[in-house]
Structure formats: C-alpha cells, structure tokens
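Summary of structural features
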Amino acid sequence: MSDKNKAILCIMISALGFATMSMFVKLAGDLPAIEKSFFRNLVAFFCALFLLNRSGYGFHFQKQNLPYLVIRSTLGTIGIFCNFYSVDHLVLSDANMLNKLSPFFVIIFSYIFLKEKMSPFQAGAVICAFLGSLLIIKPTFASDSLFASGIGLLGGITAGAAYTTVRYLGTKGEKGPVIVLFFSGFSCLVCIPFMIVGYVPMSMGQLICLLLAGVFAAFGQFGITAAYRYAPAKEISIFDYSQIIFSALYSIFLFGDIPDGYSILGYIIIIGMSLLNFLYNNGQLRFLRS
C-alpha cells in the first residue's frame, strides 16, 4: 500500500472515530456540555500521556511557546463546548458539518495572523462555504434551532483558530502529543470549577457513553495524526468529510433524524467547495491560477 493510500485509510478511520464520538456524546443524553467535555478530554489526556512516556520524550515544551499553547487550549476548549452543545441540540450531521467549516477558517486566520497567501479562488471558496453554512443554520428568528446553530458555527470558528495556532506551534518545533496533552489537561482543569458548582449526576450508562466518546475521540486524533504523517494535508483533507456521511447514517438509523433539503444542499456546497479547494491545492485546476 502506498503512503498516500495509507493516509487516506487513516483519515477515514479518523472520520469514523470522530463521528462515533459525537454519536456517543448524543447518546449520553441530557448532561451539560462542560461535563461531557471533561470526560472526553480526560481519556485524551491519559492517551497522550501514555504516548509521551512510551516515546521517552516526556512532557516538556519551549518556554517561548507557552502563550501560544494557552491560546490553542483556550480556543480548543471553547470549540469543544460549542460542538458538544450543538450535537445535543441539532441533527448530528448538521452539528458536525458546522464544525467542519474549521478548515475554511484556518485559511482566513492563517492569512491574517501567519501571513500565508490566500488566492482569489480560496477567498471565493470561503465565501461559498459560509453561504452553504447559512442553509444549515437557516437564520430566521422563527427557527427553534437558530441559537444552537450559531453555537455550532462559533465552534467551527474557534476550532479553525485553534488549528491555526497548532500550525504555528508546529513551525516552532512543538511535538504533537505535547500539544494534545497540554490542551486536554487545560480543558479538564477549566471544566472542574463548573462541575463543582453545577454537577449533574449521571447513570452508569451515561458514564460509559462518555468514556467511549473519549476512546473514539482518541482514535480520531491518532488517525488524523498518522494520516498527516503519510501525506500532506492538501492531498487528503477532502476525505475527512466522510465524517458527515457516517454522522448522517447515525442520525437516521439511531436517532431517526433526517436532514432537511436545505441542510443537504448546504452539505453539497460545503463539500463541493472543499473538493474544489483540494483539487486547486494539488494543481489540478491550473487554469484558475493564471
């Protein structure tokens, strides 16, 4: 199997892992998003700790990168809170699609903060993806899901900002497991005060669902890390959108939620823009570069 095919397999496994994570978060029922986030990140923390100990690298980071680790962790924590809230209040595939807007926000934030170039084509793709998100959000004051959709969009924005910070930290030599461990530990610490004040008791079944959510989130994280080790993001990122297919299947067969026509059109636009951006980055749309 070629490295590119290995990368595609890994990113598909990652997509299934994250979709299954969201499914278990939704199955956990009516619990605060912060409480769900704590258990999801607790599992990720110990998985990252295990990897660091096994590698012999240990947990240490460059002092000058500490502010950016805090920024990444703060943005990532907000993103997870928003994503879990939207998963609880929206059709599962809608919530995950709004979260999958993050690559487009990475383009925007990388242009603003990292001074990476953005072509007119990429700018157009960002605008079209946002218009596609409006079909999912359906922003009318009569919409019962408007607030949850707005929170889901905010989750996509903060995730994009967090991934931009990860990209910056990567250029400064920080190890992936160190970033994951710092983020997971930070997120757990942020959750603790809220849980002390407003902890909602859970059943054994809910606890098992949250722990399984953490396990599958770890699968997703390890899968995507392995994928980008085998091939550059521009060659494989489009396959990450298979998560929406898995989420839609979970929505239909487990929860009986069927996305409406506007949402499906929004999916098509966003995935279509992602596909075009993928082809553009791989030099297969050369006429657009001229």
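What you see as residue numbers is a count from 1 along each chain, following the sequence as written. Side-chain atom pairs in this predicted model are given and counted only at pLDDT of 80 or more, local residue features only at pLDDT of at least 70, and totals for whole chains, interfaces and linings cover all residues. Side-chain descriptors were evaluated using all non-hydrogen atoms of the structure, hydrogens and water having been removed beforehand.

Along the chain, the regular secondary structure elements total 12 helices and 0 strands. Helix and strand assignments come from DSSP, with helices taken as H or I runs of at least 4 residues and strands as E runs of at least 2, each series counted from the N terminus. Counting helices and strands in the order they occur from the N terminus, the chain gives α-α-α-α-α-α-α-α-α-α-α-α. Its C-alpha atoms give the chain a radius of gyration of 19 Å, within 12% of the compact-globule value 19 Å for 290 residues. Overall size of the chain, expressed as C-alpha extent along the three principal axes, is 60 × 50 × 40 Å. Across the 290 residues in the chain, those meeting the buried criterion constitute 48%. Looking at the chain as shown, the accessible area adds up to about 14100 Å², and 71% of this sits on carbon and sulfur atoms. To get the radius of gyration, use the C-alpha atoms; to get the globule rule, take the number of residues to the power 0.38 and multiply by 2.2 Å. Using a 1.4 Å probe on the protein chains alone, a residue whose accessible area is under 20% of its type maximum counts as buried, one over 50% counts as exposed, and one in between counts as partly exposed. Under the convention used here, a 1.4 Å probe and the Shrake-Rupley method define accessible areas, while residue burial counts only the protein chains that appear.

The tendency in soluble globular proteins is for nonpolar side chains to be buried side by side. With 52 residues, the main nonpolar core has Met-97, Leu-101, Phe-104, Tyr-241 and Ile-270 as its most contacted residues. The element best represented in this core is helix α1 (residues 3-27), accounting for 6 residues. With residues up to four places along the chain from it excluded, the contact list for Tyr-241 reads Met-97, Lys-100, Pro-103, Phe-104, Ile-270, Ile-271 and Ser-274. What makes a nonpolar core is a set of buried Ala, Val, Leu, Ile, Met, Phe, Trp, Tyr and Cys residues whose side-chain atoms join them at distances within 4.5 Å. Judged by nonpolar contacts, the second largest core, of 9 residues, contains Ile-8, Ile-224, Ala-226 and Ala-231. Here a residue-residue contact requires only that any non-hydrogen atoms of the pair lie within 4.5 Å.

When the charged atoms of two side chains with opposite charge come close together, those side chains can pair. Any carboxyl oxygen of Asp or Glu that lies within 4 Å of a side-chain nitrogen of Lys or Arg is treated as forming a salt bridge with it. Per the counting criterion, the structure on display carries 1 salt bridge. Salt-bridge contacts for Asp-88 lead to Lys-36; the nearest nitrogen and oxygen are separated by 2.5 Å. With Asp-88 in helix α3 (residues 66-89) and Lys-36 in helix α2 (residues 33-55), this pair connects stretches of sequence that are 52 residues apart. Exposure remark for Asp-88: the relative accessible area of 23% places this residue in the partly exposed category.

Only the stretch in contact is used when a helix axis is fitted, and all axes are lines through C-alpha atoms; the angle between N-to-C directions ranges over 0 to 180 degrees. As a packed pair, α3 and helix α4 (residues 92-99) sit with axes 7 Å apart at the nearest point and diverge in direction by 155°. With respect to α4, the element α3 is oriented roughly antiparallel. Here α3 and α4 pass one another in a crossing that is right-handed. Residues Asn-83, Ser-86 and Val-87 of α3 lie in contact with α4, whose contacting residues are Leu-92, Ala-95, Asn-96 and Asn-99. Put simply, angles under 35 degrees are roughly parallel, angles over 145 are roughly antiparallel, angles from 65 to 115 are roughly perpendicular, and the rest are oblique. Take the far helix as your reference; a near helix turned counterclockwise from it by less than a right angle gives a left-handed crossing, and one turned clockwise gives a right-handed crossing.

Further remarks concern empty space enclosed by the protein. A cavity here means a set of points on a 1 Å grid, drawn over the protein atoms and nothing else, where a 1.4 Å probe fits but cannot get out; a pocket is an open set with protein on both sides within 12 Å along at least five of seven lines, and a residue lines either one if it has an atom within 4 Å of a point. Grid points are joined across faces, edges and corners, and a volume is the space filled by probe spheres set on the points. Within the structure shown, the criterion is met by 1 cavity of 30 Å³ or more. There is about 40 Å³ of room inside the largest cavity. Residue lining of the largest cavity: Ala-44, Cys-47, Ala-48, Val-180, Ala-218, Gln-221 and Phe-222, and that is the complete set. Residue assignment for the lining of the largest cavity shows that the elements contributing at least two residues are α2 and α9 (204-230). Residues were grouped as follows: Ala, Val, Leu, Ile, Met, Phe, Trp, Tyr, Cys and Pro as nonpolar; Asp, Glu, Lys and Arg as charged; and all remaining residues, including Gly, as polar. Split by residue class, the lining of the largest cavity holds 6 nonpolar, 1 polar and no charged.

Here the focus is the confidence of the model for the chain. A score from 0 to 100, pLDDT tells how confident the predictor is in each residue. Averaged over the chain, the pLDDT score is 84; the fraction of residues at 70 or greater is 93%. Confidence, read as mean pLDDT per element, is least for helix α10 (residues 233-236) in the chain (66) and greatest for α3 (92).

Within the element layout of this structure, Ile-151 appears in helix α7 (residues 146-171). A C-alpha to C-alpha distance of 9.6 Å links Ile-151 and Phe-84, two positions 67 residues apart in sequence. Beyond its immediate sequence surroundings of up to four residues, Ile-151 is in contact with Cys-82 and Tyr-85.

What follows deals with the packing of aromatic side chains. Stacked, tilted and edge-to-face are the three classes assigned to paired rings of Phe, Tyr and Trp, where Trp is represented by its six-membered ring and a pair needs centres within 6.5 Å; plane angles under 30 degrees give stacked, over 60 edge-to-face, the rest tilted. This model, assessed by the stated rule, comprises 8 aromatic pairs. Considering the side-chain rings of Tyr-68 and Tyr-168, the 4.6 Å spacing of their centres and the 45° angle between planes classify their relative orientation as tilted. In this pair, Tyr-68 is assigned in helix α3 and Tyr-168 in helix α7, connecting sequence segments 100 residues apart. Given the relative accessible area of 22%, Tyr-168 is considered partly exposed. Put simply, the rings of Phe-24, Phe-216 and Phe-219 pair up and form one aromatic cluster.

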